[in-house]
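# Close look at the chain arrangement
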Amino acid sequence: MLRTRLLPWFTLSALGLGTLAGCERSPEAPAAPAPVPAAAAVKPPAPPAVPDAAAVAKLASHFFQAPRNEAPLPVDTEAQVALGRMLFHEPRLSKNHDVSCNTCHGLDTFGVDNKALSDGHRGQKGSRNSPTVYNAARHIAQFWDGRAATLEAQAEGPMMNPVEMAMPGAKHVEATLSSMPEYTARFRAAFPKQSKPVTLSHAARALAAFERTLTTTSRFDRFLAGEHAALSVAEQRGLEAFVTTGCTTCHNGPAVGGTSFQKLGLVEEYPKLTDAGRFDATKNEDDRGFFRVPTLRNVEKTGPYLHDGSVEDLPTMVRLMGRYQLGRTLKDGEVDDMVAFLKSLTGELPPAEHISAPPLPPSTKRTPKPDPS
């Protein structure tokens, strides 16, 4: 696989030349220079650069493109989104009634739990880091190995995974939800034309509808929209370095990533890599060591990093990617600027009334009991 090198087309350095007025000299004697006021001796901070419209448009081309062959998103109803929000926070979708989607993908912590590996049923640890659910709707596929093509397919997986939520099967999920009259009514409202509204697939459909609303916008979006002062000089330098170094070969599109699969250790073999990555899903030897490229939106808040959560801090992650993916030993200044740019991707979370846990219906005598086994 060839690594694309992008030419430096976007110069974001703040430009400006100061001029000093020459003092006239008297024929009799040189005039003493006027004293410089203390305030004038302090150089003001450089204002953000103002790139021209053509440069911004070229920049935007890296981040506005959608994944290839992307299917149109489903049309979700308010009833489906509201139901999905409830199910996202519903611990009774787990065998012991103690794990919900929000347990590993905390909506008030940018869609992650900030653990290397999350805790599931009976405190078991998964084998891969829990990725953020924010801005995941436009990803080319879900999970690190891309084994789920859609959010709907992804939503079913954790419920049945014995390490995660450990539900015995689809019938157990459906019996749990059907045991509570409010859920039955909400499924009917969300899927009014279905003869059997309460199903595992409909639960996954509602979860996906809710997750499609989980998006964030940041100062970087304002910059792309023309508000150039939204990024500082250092952040603009970091953006330039991000592009010219080649990071946008993989981290592109609306989510600044998520649009492709890439080999970890593209230029140099990544040390101690034992996870087979996408090979686990496809059994194609050419996919060994490939992972879905993660989104970089909110990356400042979603550590630790990589598929195994083995990298704690962002500067280290930038250096590792420079070496193993791009064949570059990045200088400290480059790393500092890139990290500054990456922090500009931190967005605003949706309102609390949209992402906080809503009131959930009470269990009934027919609701299966928690099972810690």
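Residues numbered from 1 in each chain as written. Predicted model: local features only at pLDDT ≥ 70, side-chain atom pairs only at ≥ 80, totals over all residues. Heavy atoms only, no water.

### Thoughts on unusual backbone geometry
Along the chain, Gly-303 connects to Pro-304 via a cis peptide bond; the corresponding omega equals 0°. Its identity as a non-glycine residue notwithstanding, Ala-166 has a phi of 65°, on the positive side. With respect to the secondary-structure elements, Ala-166 resides in the loop between helix 5 (151–160) and helix 6 (170–178). Phi is positive for Val-256, which is not a glycine, with a value near 50°. (Helix = DSSP H or I, 4+ residues; strand = E, 2+ residues; numbered from the N terminus.)

### Some words on the layout of surface pockets
The calculated volume of the second largest pocket comes to roughly 640 Å³. Taken together, 36 residues form the lining of the second largest pocket, with His-105, Ser-130, Pro-131, Phe-143 and Glu-164 sitting closest to its centre. Within the residue set of the lining of the second largest pocket, elements represented by two or more residues are helix 4 (101–104), helix 5 and helix 8 (200–211). Element by element, the count of residues in the lining of the second largest pocket is highest for helix 5, at 4 residues. (1 Å grid on protein atoms, 1.4 Å probe; cavity = no way out; pocket = protein on both sides within 12 Å on 5 of 7 lines; lining within 4 Å. Points joined across faces, edges and corners; volume = space filled by probe spheres on them.)

### Digging into the environment of Leu-87
Position of Leu-87 relative to the elements: it lies in helix 3 (residues 78–88). On the basis of relative accessible area, Leu-87 is assigned to the buried category, the value being 0%. Along the primary structure Leu-87 and Phe-210 are separated by 123 residues, whereas in three dimensions their C-alpha atoms are 9.3 Å apart. Residue contacts for Leu-87: discarding those within four places in its chain leaves Leu-93, Cys-101, Leu-177, Tyr-183, Phe-187, Ala-203, Ala-206 and Leu-207. (Buried < 20%, exposed > 50% of the residue type's maximum accessible area, 1.4 Å probe, protein only. Contact = heavy atoms within 4.5 Å.)

### So, the confidence of the model for the protein chain
Of the residues in the protein chain, 83% have a pLDDT of 70 or more, and the chain-wide mean is 88. For the stretch residues 1–31, pLDDT sits under 50, and the model shows 43 contacts to residues farther than four places along the chain or on other chains. (pLDDT = per-residue confidence, 0-100.)

### Looking at the packing of aromatic side chains
What characterises a pair of aromatic rings is the spacing of the ring centres plus the angle enclosed by the ring planes. Tallied over the full model, the rule gives 7 aromatic pairs. A network of ring pairs unites the aromatic residues Phe-63, Phe-220, Phe-242 and Phe-341 as a single cluster. In this structure, Arg-147 is placed above the aromatic ring of Phe-143, and the distance from its NZ or CZ to the ring centre is 3.7 Å. Cation over ring: Arg-278 sits above Phe-261, and NZ or CZ is 4.0 Å from the ring centre. (Phe/Tyr/Trp six-rings, centres within 6.5 Å; stacked < 30°, edge-to-face > 60°. Lys NZ or Arg CZ within 6 Å of the ring centre and 35° of its normal.)

### As for helix 12 (residues 314–326)
In a regular helix each residue adds 1.5 Å, so 13 residues correspond to 18 Å; helix 12 covers 17 Å between its end C-alpha atoms and thus fits that length. Turning to helix 12, its buried residues number three or more, namely Leu-314, Met-317, Val-318, Gly-322, Tyr-324, Gln-325 and Leu-326. Lining the buried residues of helix 12 we find helix 10 (233–245), strand 1 (261–263) and helix 13 (332–343). Of the residues one or two after helix 12, Gly-327 is the one with positive phi, at around 70°. (Expected span 1.5 Å × (residues − 1).)

### Remarks on the side chain of Gln-154
Mapped onto the elements, Gln-154 comes out in helix 5. Looking at Gln-154, the relative accessible area reads 14%, which means it is buried.

### Structural notes on the side chain of Thr-346
With respect to the element layout, Thr-346 can be found in the loop between helix 13 and helix 14 (352–355). A polar side-chain atom of Thr-346 sits 2.7 Å from a polar atom in the side chain of Glu-300. In this structure, Thr-346 is in contact with Phe-110, Ser-218, Asn-298, Glu-300 and Lys-301, ignoring residues within four places of it in sequence. (Polar contact = N/O pair within 3.5 Å; in protein donor to acceptor, adjacent residues only side chain to side chain.)

### Concerning the packing of helix 5 against helix 8
When two helices pack together, you describe them by how their axes are tilted relative to each other and by the distance separating the axes. Interhelical geometry of helix 5 versus helix 8 gives an angle of 120° and a closest axis separation of 8 Å. Helix 5 and helix 8 meet at a crossing whose hand is right-handed. Two secondary-structure elements touch here, helix 5 through Leu-151, Glu-152, Gln-154, Ala-155, Glu-156, Met-159 and Met-160 and helix 8 through Leu-200, Ser-201, Ala-204, Arg-205, Leu-207, Ala-208 and Glu-211. Looking at the contact of helix 5 with helix 8 residue by residue, the classes come out as 8 nonpolar, 2 polar and 4 charged. (Axes fitted to C-alpha atoms, helices over the stretch in contact; angles between N-to-C directions. Left-handed = near helix turned anticlockwise from the far one by under 90°. Nonpolar A, V, L, I, M, F, W, Y, C, P; charged D, E, K, R; others polar.)

### Side note on the nonpolar core
Counting residues in hydrophobic clusters, the biggest one holds 33 residues, and the most contacted among them are Phe-220, Leu-239, Phe-242 and Leu-342. Those elements that provide at least two residues to this core are helix 9 (219–224), helix 10, helix 12 and helix 13. Core analysis: the next-biggest nonpolar cluster, separate from the first, contains 32 residues, Met-159, Val-198, Ala-206 and Phe-210 among them. (Core = buried A, V, L, I, M, F, W, Y, C linked by side-chain atoms within 4.5 Å.)

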